[in-house]
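Architecture and fold: a report
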Amino acid sequence: MSQLSYAKYGKDNVRLYKVQRDSPTGVQDVTEFTVCSMLEGDIETSYTHADNSVIVPTDTQKQTIYLMAKQNPVTPPELFASILANHFVTEYKQIHVAHVSVVQHRWTRMSIDGKPHPHSFYRDGDDTRIVEATARESEGITLRSGIKGLLVLKSTGSAFYGYDTSDKYTILPETKDRILSTEIECGWTWKKFDNLDAVKTEQQAFDKAWNDARAITMDIFAKDESPSVQNTMYKMCQKILAEVPMVQEVDYTLPNKHYFEISELEYVMVLGNFANFYEDLSWFEGITNTGKDAEVYAPQTDPNGLIHCKVQRK
Ligand code: AZA
């Protein structure tokens, strides 16, 4: 015997662009999103008995995303995601939980002849602003906001030592000065909102929190004499919790993107035996490029460390 243990369904990768032309000055504002909606509820029979009467078609969800964007503000994205999620649980009696995620892509206003241009924008970074909203019928709305894809690097001011180098599985040399690079993925979970009106009441907080979190992340990344990714990310979490009172938990997921000195030990077969060679640059006129002389490094694509934590208020 078997039974359906969990189900949700929806439309993913709905791309959406909205222009606001209302300003009497002729200044236009643009927003670009990628949206995903996923619905839960009394939908079991659609899986088990081919009962499509309980399905809100994924195309309907897509049309709703466009319509809600036309009829409502799309910024801040936390408000738009909440409006959409709330719509699905209030409009359809069989839908009890709606998950809406919004990825906001950067369009930064151009500065032309020293002035902000009224209708021209550029992509000044690949990082995105993200929102995950979940509306539960009669229970309220939970929101997690975040940053994804912010690529950062510091060329010094990072160390990694103090781990057990006598461990027989450990070969990594300790270092007091290394390159640190990561792609920031962080999120902050807001205290629960009782309903959509509560989200509307607090909407001023969302842009400020995103600006603060982005600034704090870069400030601590740059200034911290980092003993490890773990400790640096913990400091970031603490600072965001201190700065944004309505946030109850902060999380970071950081890949450690390695930049290796060109000094890897190579094992090469010579006359039927393995021999060791140091693949540094000394083979060329004795040039030195290791330790304090290292200038040219080999960025690694994989593997990478992956460090995660969540920090919440006591
Ligand atoms: N944390 C770091 O910051 N760097 C590392 C780790 C780690 O856990 N492991 N290798 N290098």
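Before reading on, note that the structure itself is shown above.
Residues numbered from 1 in each chain as written. Predicted model: local features only at pLDDT ≥ 70, side-chain atom pairs only at ≥ 80, totals over all residues. Heavy atoms only, no water.

1. Describing helix α5 (residues 204–223)
Counted only if it meets this: Helix numbering and strand numbering both begin at the N terminus, where a helix is a DSSP run of H or I of at least 4 residues and a strand a DSSP run of E of at least 2. One less than the number of residues in a helix, times 1.5 Å, gives the span that helix is expected to have. For every residue, the accessible area obtained with a 1.4 Å probe (protein chains only) is divided by the maximum for its type, and the residue is called buried under 20%, exposed over 50%, and partly exposed between those limits.
Taking 1.5 Å of rise per residue, the 20 residues of α5 would be expected to cover 28 Å, and the 29 Å separating its terminal C-alpha atoms lies within 8% of that figure. Every buried residue of α5 is accounted for by Phe206, Ala209, Trp210, Asp212, Ala213, Arg214, Ile216, Thr217, Ile220 and Phe221.

2. What to know about the pairing of strand β7 (residues 140–154)
The two faces of the sheet receive side chains in turn, since in a regular strand these alternate between them. So the rule is basically this: When DSSP finds at least two bridges between two strands, those strands are taken to pair.
In terms of residue burial, β7 counts as a mostly covered element, since 11 of its 15 residues are buried. Bridging between strand β6 (residues 128–136) and β7 involves nine bridges; their strand directions are antiparallel. If you follow Glu132 over to β7, its bridge partner there is Arg144. Counted between consecutive antiparallel strands, the loop separating β6 from β7 contains three residues, among which Ser138 sits at a positive phi close to 60°. Summarising the sheet, β7 and strand β8 (residues 180–190) pair through 10 bridges and their orientation is antiparallel. From the neighbouring strand, Arg144 faces β8, where its bridge partner is Thr189.

3. A closer look at the site of the ligand
We apply this condition: Whether a residue is near a molecule or strand depends on its heavy atoms: it is near if one of them lies within 4 Å of it. Between N or O atoms, a polar contact is any pair within 3.5 Å; within protein, one atom must be a potential hydrogen donor and the other a potential acceptor, and residues adjacent in sequence are included only when both atoms are from side chains. What sets the accessible areas is the Shrake-Rupley method with a 1.4 Å probe; for residues, cover comes only from the shown protein chains. Throughout, the ten residues Ala, Val, Leu, Ile, Met, Phe, Trp, Tyr, Cys and Pro are labelled nonpolar, Asp, Glu, Lys and Arg are labelled charged, and all others, Gly among them, are labelled polar.
Around the ligand, the neighbouring residues are Phe160, Leu172, Arg178, Ser228, Val229, Gln230, Asn256 and Ile307. A distance of 2.8 Å is found between an oxygen atom of the ligand and a backbone nitrogen or oxygen belonging to Val229. Asn256 has a polar side-chain atom sitting 3.4 Å from a nitrogen atom of the ligand. Coverage of the ligand by the protein amounts to 74% of the 270 Å² it exposes when considered alone. Among the residues making up the shell around the ligand, the classes are represented as four nonpolar, three polar and one charged.

4. Quick word on the pattern of salt bridges
Stated precisely, the cut-off is as follows: We count a salt bridge whenever a side-chain nitrogen from Lys or Arg sits within 4 Å of a carboxyl oxygen from Asp or Glu.
Per the counting criterion, the structure on display carries 14 salt bridges. For Arg106, the salt bridge goes to Asp127, with nearest N and O atoms at 3.7 Å. Placement of the pair is Arg106 in the loop between β3 (95–105) and β4 (108–112) and Asp127 in the loop between β5 (115–122) and β6, with a sequence separation of 21 residues. For the pair shown, Arg106 and Asp127 are each scored as buried. Measuring nitrogen to oxygen at the nearest pair gives 2.7 Å for the salt bridge that ties Lys223 to Asp219. Here Lys223 pairs with Asp219, and both are found in helix α5, just four residues apart, close to one helical turn. What makes Asp219 partly exposed here is its relative accessible area of 31%. When salt bridges with common partners are traced through the structure, they connect Arg106, Asp124, Asp127 and Arg214 into a single cluster.

5. Examining the nonpolar core
To keep it simple, the criterion reads: Residues belong to a common nonpolar core when they are buried Ala, Val, Leu, Ile, Met, Phe, Trp, Tyr or Cys residues joined through side-chain atoms within 4.5 Å. We call two residues in contact when some of their heavy atoms are within 4.5 Å.
Val35, Phe80, Leu143, Trp188, Trp190 and Tyr252 are the most contacted members of the largest nonpolar core, which totals 64 residues. In contact with Phe80, other than residues within four places in its own chain, are Leu16, Phe33, Ile65, Met68, Ala69, Pro73, Val74 and Val102.

6. Remarks on the side chain of Ser145
In this structure, Ser145 sits in strand β7. Among the residues examined, Ser145 registers a relative accessible area of 0% and is labelled buried.

7. So, the environment of Gln28
Within the element layout of this structure, Gln28 appears in the loop between β1 (9–20) and β2 (29–41). The class for Gln28 is partly exposed, based on a relative accessible area of 24%.

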